[in-house]
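Descriptive structure summary
Chain by chain, the residues run as shown.
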Amino acid sequence: MTENSRLRGLMLVAGREIRVRGLSKSNLISLIVTVVIVGILAALPSLIGGDESDDRIGLAGDTAPAMQAQLEAMGGFNITVYDTTAEAEQAVEDETVDAAVADGSLYSLNGVGNELEVKLDAAWQTAAVQTNLSQAGLTDQEIATALTVQPLKFETLEGDGGVSSMLDYFTGLIISIIMFMMLMTPVQYIAMGVVEEKSSRIVEILLTSLKPWQLLGGKVIGLGVISLVNLIAMVAVGLGVSAATGMLSDLPEGTTSAAISSIGWWLIAFALFGTLAGGVGSLVSRQEESGSVLTPLIMSLTLSYLGAIFLLNAPTSTFAEVLSIVPPFSGIAMPTRMAITEVPAWQIGLSGVLLALAAAGALALGSQLYKRSVLYTGSRMKLTEALRRAA
Amino acid sequence: MLEIKDLHKRFGDTVALDGVSLTAAPGEVVGFVGANGAGKTTTMRIAMGVLAADSGEIVYNGAPLGVEQRRRFGYMPSERGLYPKMKTGEQVAYFGELHGMTKAEAKRSAAELLEQLNLTDRMGDFVQDLSLGNQQRVQLAVSLVHDPEVLVLDEPFSGLDPLAVDVMGTALKDRAAAGAPVIFSSHQLDLIERLCDSVVIIGNGRIIASGTVEELKDKEVKQLRISVETAEDLTARFTGTVTRDGDDYLIEDGDDQEALRIAAAAGRVTRFAYDQPTIAEIFREAVTR
């Protein structure tokens, strides 16, 4: 068989999977629904955040210059300075401004929101101190020095610290959920496809013009492409909507790169689980029996997912480090961990190499199992028997 | 020329094939006959490379059969199989492509075959929505779509309606006329007799008889059948082994000319001929021998 026709056979099988499964109505509908959900989720923060227009604030009195400096530094305010407190008060009544700060009072029609109150209060505290110090005769330079405070530095003494922010947590959670789904679904489809060909006996005709590895490989590649397109669509819509609503800058640093590197991790993990699913799928002859042989795979996928969820609460613990390095758990755990915390480069490298080695092993094992048992019909074949059989 | 040489195959303790050899010359239609479990399917599976033999080889045009050549063979396995959730036309064309045709060639060939099989208006339907008979026709299209050089067909006629039997029969004859060796197995011995140039009979994993239809018939013990309009019983007067079949006399190992004289003297001879055994009789004789 020439190199060319070998590749052609592989691609024909993959192409059929893409046409028949990827372009099936059910897959297209589920893709659209998922993309819409991801889009809505990504847009949610800005929708809840309400209108983003600046708060209109009136200022008057001695502290007005200092307040103005503070509020401008914070940003997000439309500031008007009035000559007298009465004018500022009038402006609030006329609704020319949302609130006014003058002579130690906050004027508003019906009170202000929590967030605005906190900001104005903070600005007021600083402005008042500044004004007092200035009246006490300090220079601006001295005031600036006196007011410069280093924010608290977090020192974690216990190893399992690394408490992540809510946003980090959710980013990691979403990555682990998507990874889990994107592995679980195609893995089951591969096994189902193998059993379908076996139970319908079509495999006997296929094997007269294809090698077993082409048949299994094409199936894994085909479903991989379908899932990859789904994954990329989700990531693109998620990041795109975040960018459009201006939320992208608010996401934790490295989210974008974590989302993109997740695709790489997914590819290796998929090769591992996909070929194993094809191999064990070929052990049975009927669709009803596929559940029993798939159980170990589904268990380890589920454990990887649960481990990743657990890891979210303690991303720097030893458990997290081990989980994100040992295959097959690392397939989900490492991208999750990378999304929420800084991971040493050597750990990423080691994890990647181990996962790739495991995938290569799975490729060999899965295709051997497949080759030896795909034409065997009857009751379920034992794993040991399949491995003993001559190909 | 397709040569199957001295195949041996065991499944555990069961000997499935014990030195099976058969040959199909270019343009020859070979009928492969045997009881259930005799080894027909195993032989064909080995020939098509879906099963490995313990020993023996498959030779095509003088060289061991390779994967690339085998892709130009047409195969119909005994256990039929199609993708249930794939459109009929797409499915037939897909198999054409797997056998090395270009996309356009495969599409055209699939459309032509399905038209011959009266399935043109079902091309866009899923195979699972077709009746069982129509699925059989699609199966036939799948094995013929790539205009195969050699046909190896396991029970190609089982489950086919008369129209499809004709299409299949014509396809076999056409392929053979174009120079392809054709091997097919069947339990429908009338079809074998009608379509085959030669017949191979297998029993318990061994070839028990083979040759052209004429050769096999000649090998059988010949019986002379005589019908005479007479009230007299001539049994004792004929020489050789004489038995009665209704009013007819069946004579083995006798002198036919002398028998004719005796019969003619006794009354009007309405029938005087050697019985031609049918393939079915040859088969029965061969497997019980």
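Quick caveat: nothing in here was measured; it's all calculated off a predicted structure.

Analysis parameters
Residues numbered from 1 in each chain as written. Chains lettered and ligands numbered in written order. Predicted model: local features only at pLDDT ≥ 70, side-chain atom pairs only at ≥ 80, totals over all residues. Heavy atoms only, no water. Helix = DSSP H or I, 4+ residues; strand = E, 2+ residues; numbered from the N terminus. Expected span 1.5 Å × (residues − 1). Pairing = 2+ DSSP bridges. Axes fitted to C-alpha atoms, helices over the stretch in contact; angles between N-to-C directions. Contact = heavy atoms within 4.5 Å. Phe/Tyr/Trp six-rings, centres within 6.5 Å; stacked < 30°, edge-to-face > 60°. Buried < 20%, exposed > 50% of the residue type's maximum accessible area, 1.4 Å probe, protein only. Domains from an automatic or database assignment. Buried area = accessible area lost by both parts, 1.4 Å probe. Salt bridge = Lys/Arg side-chain N within 4 Å of Asp/Glu carboxyl O. Polar contact = N/O pair within 3.5 Å; in protein donor to acceptor, adjacent residues only side chain to side chain. Nonpolar A, V, L, I, M, F, W, Y, C, P; charged D, E, K, R; others polar.

What follows is about the environment of Val280(A). By secondary structure assignment, the location of Val280(A) is in helix H10 (residues 255–281). Expressed as a C-alpha distance, the spacing of Val280(A) and Met192(A), which sit 88 residues apart in the sequence, is 11 Å.

This part is about helix H9 (residues 212–244) of chain A. Between the first and last C-alpha of H9(A) there are 47 Å, a value that for 33 residues agrees with the 48 Å anticipated at 1.5 Å per step. Of the residues trailing H9(A), Gly246(A) is marked for its positive phi of about 75°.

Moving on to the sheet that holds strand E1 (residues 55–60) of chain A. Residues and elements named next belong to chain A. One open sheet accounts for 4 strands, arranged E2-E1-E3-E4; its pairing is mixed. Because the sheet does not close on itself, it has two edges, and the strands there are strand E2 (77–81) and strand E4 (105–108). The sheet shows a mean angle of 25° between the axes of neighbouring strands, taken without regard to direction. Two elements, strand E3 (residues 99–102) and E4, share 4 bridges in a ladder whose sense is antiparallel. Looking at the pairing, alanine 102 lines up with serine 105 of E4. Most of the contacts of helix H3 (residues 64–74) go to E2, to which it runs at about 165°, and overall it touches E1, E2 and E3.

Okay, the packing of aromatic side chains next. Residue and element names in this part refer to chain A. Tallying each qualifying case throughout the model produces 8 aromatic pairs over all chains. Both rings, one in phenylalanine 180 and one in tyrosine 305, keep their centres 4.4 Å apart while their planes meet at 15°; by these two values the pair is stacked. With phenylalanine 180 in helix H7 (residues 166–199) and tyrosine 305 in helix H11 (residues 290–313), this residue pair connects regions lying 125 residues apart in the sequence. For the pair shown, phenylalanine 180 and tyrosine 305 are each scored as buried.

A few words on the side chain of Ser109(B). Tracing the backbone through its elements, the reader meets Ser109(B) in helix H4 (residues 103–116). Residues within four places of Ser109(B) in sequence aside, it is in contact with Met101(B) and Val145(B).

Let us now look at helix H14 (residues 345–373) of chain A. For H14(A), which comprises 29 residues, the first-to-last C-alpha distance of 41 Å matches the rise-based estimate of 42 Å (1.5 Å per residue) to within 8%. Those residues of H14(A) that fall on the buried side of the exposure criterion are Gln347(A), Ser351(A), Gly352(A), Leu355(A), Ala359(A), Ala362(A), Gly366(A), Leu369(A), Tyr370(A), Arg372(A) and Ser373(A).

Residues and elements named next belong to chain B. Domain boundaries in chain B define domain 1 (2–217) and domain 2 (221–288). Distance between the C-alpha centres of domain 1 and domain 2: 41 Å. Tallying the contact residues gives 12 residues for domain 1 and 9 residues for domain 2. By the criterion of area lost to domain 2, the three top residues of domain 1 are Leu189, Ile201 and Lys217, representing 50% of everything that side buries. The interface formed by domain 1 and domain 2 contains 0 salt bridges. Inspection of the domain 1/domain 2 interface yields 0 residue pairs in polar contact (both at pLDDT 80 or more). Those elements that place two or more of their residues in the side of domain 1 that touches domain 2 are strand E3 (29–34), helix H7 (189–195), strand E9 (198–203) and helix H8 (213–219). Each residue belonging to the side of domain 1 that touches domain 2 can be placed in one class, and the counts come to 9 nonpolar, 1 polar and 2 charged.

This part takes up the sheet that holds strand E5 (residues 63–64) of chain B. Residues and elements named next belong to chain B. Spatially, the 4 strands line up as an open sheet ordered E2-E1-E4-E5, and their pairing is antiparallel. Looking along the sheet, the strands with just one partner apiece sit at the ends: strand E2 (14–24) and E5. Looking at chain direction, strand E1 (residues 2–11) and E2 are connected through 8 bridges and run antiparallel. When the bridges of E2 are listed, leucine 2 appears paired with alanine 24.

Applying the stated criterion across every chain, the model contains 30 salt bridges over all chains. For Arg337(A), the salt bridge goes to Glu321(A), with nearest N and O atoms at 4.0 Å. One end of the pair, Arg337(A), is in helix H13 (residues 330–340); the other, Glu321(A), is in helix H12 (residues 318–323), with 16 residues separating them in the sequence. Judged by relative accessible area, which is 28%, Glu321(A) ranks as partly exposed. Where Arg175(B) meets Asp147(B), a salt bridge forms, and the shortest distance between an N and an O atom there is 2.8 Å.

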